[in-house]
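Remarks on the overall topology
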Amino acid sequence: NADLVGHEVYLPGKPAYDEIIEAFGREVVAEDGTIDRKKLGPIVFADPANLAKLNSITHPRMKEMMREKLADIEKKGAKFAVLEAALLFDARWDDLTDEVWVTVAPPQIAAERTSVRSGIPVELVLERIQKAQMDSDERIRRSDIVIDTGGTMEETGKRALDAWARMKERVGGAA
């Protein structure tokens, strides 16, 4: 999960921590010494140059951490691994994969779901998606499998399981 790796890369002692403070100042550090993403968010999403600067710090380090995690999974003998990353193409992480699956939903539905999960207002989520993420049509064009998530969880689950079964047939393995 790239989001979890993203949280990890911000931690004290991790690769991006000092560079983030150097780039954005001590005001982004919380009382507990961690990077306060709620303070950093408005800074980077208000200015495309700041977002690009943050991404140039975090994305390469996250990619290396994901590469290491995938190698560990492979060493353990796993036939399949799933790399969940909303910014897979934007951050140029797609070379870590053999096949790219994309989930798509109408922007309003995606923003509402994110708002519920994060507590960020829907309008702000929509604005951040437009500024920070690749257009859905481009992601679809560059993907191998497309799963529509605009319906219910049950419908989405069925689509995902069907796609997984087809993938297992393609590669001839059990997962």
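Refer to the structure printed above.
A brief structural summary. (Residues numbered from 1 in each chain as written. Predicted model: local features only at pLDDT ≥ 70, side-chain atom pairs only at ≥ 80, totals over all residues. Heavy atoms only, no water.)

Any two aromatic rings considered together are summarised by their centre-to-centre distance and by the angle between their planes. What the rule picks out here adds up to 2 aromatic pairs. Plain terms: the ring middles of W101 and W164 are 6.2 Å apart, the flat faces sit at 70° to each other, and that makes the pair edge-to-face. Remark: W164 occurs in helix 8 (residues 153-171) and W101 occurs in strand 1 (residues 101-104); sequence separation between them is 63 residues. On the accessibility criterion, W101 (29% relative accessible area) is partly exposed. Using a relative accessible area of 27% as the deciding quantity, one classes W164 as partly exposed. The structure contains a cluster of three or more aromatic residues connected by ring pairs, namely F80, W101 and W164. For R37, the ring lying beneath its charged end belongs to Y10, and the centroid distance is 4.5 Å. (Phe/Tyr/Trp six-rings, centres within 6.5 Å; stacked < 30°, edge-to-face > 60°. Helix = DSSP H or I, 4+ residues; strand = E, 2+ residues; numbered from the N terminus. Buried < 20%, exposed > 50% of the residue type's maximum accessible area, 1.4 Å probe, protein only. Lys NZ or Arg CZ within 6 Å of the ring centre and 35° of its normal.)

Let's shift gears to the packing of helix 2 (residues 17-24) against helix 4 (residues 48-75). Relative to each other, helix 2 and helix 4 sit at 170°, their axes nearing to 10 Å. What the angle tells us is that helix 2 and helix 4 run roughly antiparallel. In this structure, helix 2 uses E19, I20, A23 and F24 to contact helix 4, whose residues at the interface are N50, K53, L54, I57, T58 and R61. (Axes fitted to C-alpha atoms, helices over the stretch in contact; angles between N-to-C directions. Parallel < 35°, antiparallel > 145°, perpendicular 65-115°, else oblique. Contact = heavy atoms within 4.5 Å.)

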